Amino acid sequence: MNRLPFVLRLKPDMKDAGIAAISIAWDEIRASLHALHMTNCSVWSIEDFLFFYGEYADGADAPAADAVIMEIMAPYAELFAAPGTLPLMYHDIGIVRADKSLIRHRVFATKLKDGCDEEYKARHDALIAARDGSLRVGPESNFTIWNANGYIFGYCELVKSFDHEMTEDEKASTIAWETRQLEIMDWLTDDVDWITGEKHDAIRLIGRG
């Protein structure tokens, strides 16, 4: 399965109108994407960005999903990072659940500090190397992270059957990793507010299907 991310940036003072437009037109957009053989499509809002995620079959040409979206969104947004231009920074696909009722989403966004692209990639390459090719069954699946012109967008399907309250060891490990990551990036979403004491908006699902 191929994964197709891209990012729109809402024009000044157009956030509310743009989100309303894509929400109203989502059924039409979804039908057009399905006609292009796109699956598992979703659009997420954070700050003035709209992050699009979708999938298409191996061996197929990348569909023009951005054209479908921009046909509706041109008055409200500009293409910030086009499909095929976002470098993959990390992946942990694991076992992908076809039944999406078994998962919940974690979608997040950060901004890299100047000159930290290579360091971010190196740290995540080390995580991949540590797995040594092992296939994890959860809790994370279909996990991918991309760089959109210095902004990081991550998409992950968390398997509900693995949900549990974090142990003290898990908390300590998470705090250590995220504190180190703050050396090279700033959060746009609220994922680590419980660590930093900051206040960010949660990423918002606009449309899915």
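Located above this text is the structure these notes cover.
Residues numbered from 1 in each chain as written. Predicted model: local features only at pLDDT ≥ 70, side-chain atom pairs only at ≥ 80, totals over all residues. Heavy atoms only, no water.

Visitor: Honestly, the nonpolar core in this entry has me stumped. Any pointers?
Guide: Across soluble globular proteins, nonpolar side chains show a tendency to be buried alongside one another. Of all hydrophobic cores here, the largest spans 25 residues; its most connected members are Ile29, Leu33, Phe52 and Met73. Listed by contribution, the elements that provide at least two residues to this core are β1 (2-10), α1 (15-24), α2 (26-35), β2 (39-46), β3 (49-56) and α3 (65-73). In terms of residues, this core owes the most to one element, α3, which gives 6 residues. Once residues within four sequence positions are removed from consideration, Ile29 is found in contact with Ile22, Val68, Ile69 and Ile72. With 17 residues, the next largest nonpolar core counts Phe51, Tyr53, Ala81 and Ala109 among its residues. (Core = buried A, V, L, I, M, F, W, Y, C linked by side-chain atoms within 4.5 Å. Buried < 20%, exposed > 50% of the residue type's maximum accessible area, 1.4 Å probe, protein only. Helix = DSSP H or I, 4+ residues; strand = E, 2+ residues; numbered from the N terminus. Contact = heavy atoms within 4.5 Å.)

Visitor: Sorry if this is basic, but what is going on with α3 here?
Guide: Every α-helix carries 3.6 residues per turn, so stepping three or four residues along brings you back to the same face. Summarising burial for α3: 7 of the 9 residues are buried, a large majority. What α3 keeps buried is the set Ala65, Asp66, Val68, Ile69, Met70, Ile72 and Met73. Looking at the packing, one finds that the buried side of α3 touches β1, α1, α2, β3 and β4 (77-81).

Visitor: Whenever I open this one, the packing of aromatic side chains confuses me. Can you help?
Guide: Two descriptors summarise a pair of aromatic rings, namely the distance from one centre to the other and the angle between the planes of the rings. Under the counting rule described, the total for this entry stands at 12 aromatic pairs. For the ring pair Tyr90 and Phe143, a centre distance of 5.4 Å and an interplane angle of 75° mean the geometry is edge-to-face. Highlighted residues: Tyr90 in strand β5 (residues 88-92) and Phe143 in strand β7 (residues 140-148), separated in sequence by 53 residues. This pair shows no difference in class: Tyr90 is buried, exactly as Phe143 is. What links up through ring pairs into an aromatic cluster is the set Phe49, Phe51, Tyr53, Phe80, Trp146, Tyr151, Phe153 and Tyr155. For the cation-ring pair, Lys111 lies above Tyr151, with the distance from its terminal atom to the ring centre recorded as 5.4 Å. (Phe/Tyr/Trp six-rings, centres within 6.5 Å; stacked < 30°, edge-to-face > 60°. Lys NZ or Arg CZ within 6 Å of the ring centre and 35° of its normal.)

Visitor: Would you explain a nonpolar patch on the surface in this entry?
Guide: A contiguous nonpolar patch, built from Ile95, Leu135 and Val137 and spanning about 260 Å² of accessible area, is present on the exposed surface. By the element assignment, Val137 lies in the loop between α4 (117-131) and β7. (Patch = residues over 30% accessible without salt bridge, like charges linked within 9 Å, V, L, I, M, F, W, Y side chains within 5 Å. Areas by Shrake-Rupley, 256 points an atom, 1.4 Å probe, with all protein chains shown as cover. Salt bridge = Lys/Arg side-chain N within 4 Å of Asp/Glu carboxyl O.)

Visitor: It is not clear to me how the packing of α1 against α3 should be interpreted in this structure. Could you clarify?
Guide: Between α1 and α3, whose axes approach to 9 Å, the crossing angle comes to 120°. By the criterion of interaxial angle, the relationship of α1 to α3 is oblique. The hand of the α1/α3 crossing is right-handed. From α1, Gly18, Ala21 and Ile22 reach across to α3, where they touch Ile69, Ile72 and Met73. Partitioned by chemical class, the residues of the contact of α1 with α3 number 5 nonpolar, 1 polar and no charged. (Axes fitted to C-alpha atoms, helices over the stretch in contact; angles between N-to-C directions. Parallel < 35°, antiparallel > 145°, perpendicular 65-115°, else oblique. Left-handed = near helix turned anticlockwise from the far one by under 90°. Nonpolar A, V, L, I, M, F, W, Y, C, P; charged D, E, K, R; others polar.)

Visitor: Teacher, can you tell me more about the pattern of salt bridges here?
Guide: Side-chain pairs of opposite charge can arise where the charged atoms are in close proximity. Summed over all chains, the structure comprises 12 salt bridges. Between Asp92 and Arg131 there is a salt bridge, and its shortest N-O distance comes to 3.6 Å. With Asp92 in strand β5 and Arg131 in helix α4, the pair connects residues that are 39 residues apart, well separated along the chain. In this structure, Asp92 and Arg131 share a single accessibility class: buried. Between Glu157 and Lys100 there is a salt bridge, with its nearest N and O atoms 2.8 Å apart. You can see Glu157 sitting in strand β8 (residues 151-159) and its partner Lys100 sitting in the loop between β5 and β6 (103-112), a full 57 residues away along the chain. You can call Lys100 partly exposed: its relative accessible area is 27%. A single network of salt bridges, built from pairs that share partners, joins Asp92, Arg131, Arg136 and Glu140.

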